[in-house]
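# Working through the structure, step by step
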Amino acid sequence: MMFLPRLAAAAFLALGTMAAAPADSPVDVPEPEGFHTGPQQGYTPPTLKGAVVLDIDGLDRVVAEAKPVLIDVALADRRPAGMAADKPWLPAHRSIPGAVWMPSAGAAPLDPAHEALFLARVAELTGGDKAKAIVTFCRPDCWGSWNAGKRLVQAGYTGVHWFPTGIEGWQETHETTVVREDPAWAARGRGEAQR
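Let us look at the structure shown here. (Residues numbered from 1 in each chain as written. Predicted model: local features only at pLDDT ≥ 70, side-chain atom pairs only at ≥ 80, totals over all residues. Heavy atoms only, no water.)

The peptide bond linking Ala108 to Pro109 adopts the cis configuration, its omega dihedral lying at 0°. Note on placement: Pro109 falls in the loop between strand E4 (100-101) and helix H3 (112-125). One non-glycine residue with positive phi stands out, namely Lys67, at about 45°. Along the chain, Lys67 turns up in the loop between helix H2 (56-66) and strand E2 (69-72). The class of Lys67 is exposed, set by a relative accessible area of 55%. (Helix = DSSP H or I, 4+ residues; strand = E, 2+ residues; numbered from the N terminus. Buried < 20%, exposed > 50% of the residue type's maximum accessible area, 1.4 Å probe, protein only.)

Another point: the nonpolar core. Formed by 37 residues in total, the largest nonpolar core has its most connected members in Ile71 and Phe118. Where this core is concerned, the elements lending two or more residues are H2, E2, E4, H3, strand E5 (134-137), helix H4 (143-154), strand E6 (160-163) and helix H5 (166-171). Among the elements that make up this core, the one with the highest residue count is H4 (four residues). Apart from the residues lying within four places of it in its own chain, the contact partners of Phe118 are Ile71, Met102, Ala105, Ala148, Arg151, Leu152 and Trp185. (Core = buried A, V, L, I, M, F, W, Y, C linked by side-chain atoms within 4.5 Å. Contact = heavy atoms within 4.5 Å.)

Taking 1.5 Å as the rise per residue, H4 with 12 residues should run 16 Å; its terminal C-alpha atoms sit 16 Å apart, in good agreement. Turning to H4, the residues buried within the fold contact E2, H3, E5 and E6. (Expected span 1.5 Å × (residues − 1).)

Turning our eyes to something else, we now look at the pattern of salt bridges. Enumeration according to the criterion identifies four salt bridges in this entry. For Asp182, the salt bridge is made with Arg121, and the minimal N-O distance between the two is 2.9 Å. Placement of Asp182 in the loop between strand E7 (177-179) and helix H6 (183-194) and of Arg121 in helix H3 is noted, with a sequence separation of 61 residues between them. The pair formed by Asp182 and Arg121 is uniform in burial state, with each residue classed as buried. As a salt-bridge pair, Arg139 and Glu168 come within 2.8 Å of each other at their nearest N and O atoms. In this pair, Arg139 is assigned in the loop between E5 and H4 and Glu168 in helix H5, connecting sequence segments 29 residues apart. For Glu168, a relative accessible area of 26% gives the class partly exposed. Through salt bridges that share partners, Arg121, Glu124 and Asp182 make up one connected network. (Salt bridge = Lys/Arg side-chain N within 4 Å of Asp/Glu carboxyl O.)

On their own, these measurements won't tell you what the molecule is for.
What follows is the structure, encoded as structure tokens:
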């Protein structure tokens, strides 16, 4: 008969634990009406209206069958604070092989010139085919890849896929490779400096 009080106590403890679950649980994040303009790192919704959300198995299928345009919008590493300017600093961005890296392209707001450049570059990469499979990704819990996917959906792309676990999700079962920033995207800073 002693096990009944223990069972009741365990049930009460479990119920109390569920009630204390954080309000910002990943499954409770709704899609915003527009772009997410808060911090780029944080819980994201489980959905992206107008796009297909992929897990690693889904991404493997899309890569094998559709040969998608892979768009990595992960932020570029910053030089560590306090690091002497005369010390070499050579960051290497690792990503999914074949990805086009456009750091910060998922920012919101994104100024009109950079948004136009992003959309023009995607148009080049897809050959102007708005039905071409495109996968946006970043890091886990990254709003940048969600925003980039939403931006493409709003621009009329119908083959948009979002891979929310991003680079880390890929490297759990696959090798990554070092990629350089997309030259057309990198030129945005040089063009502004010349004006």
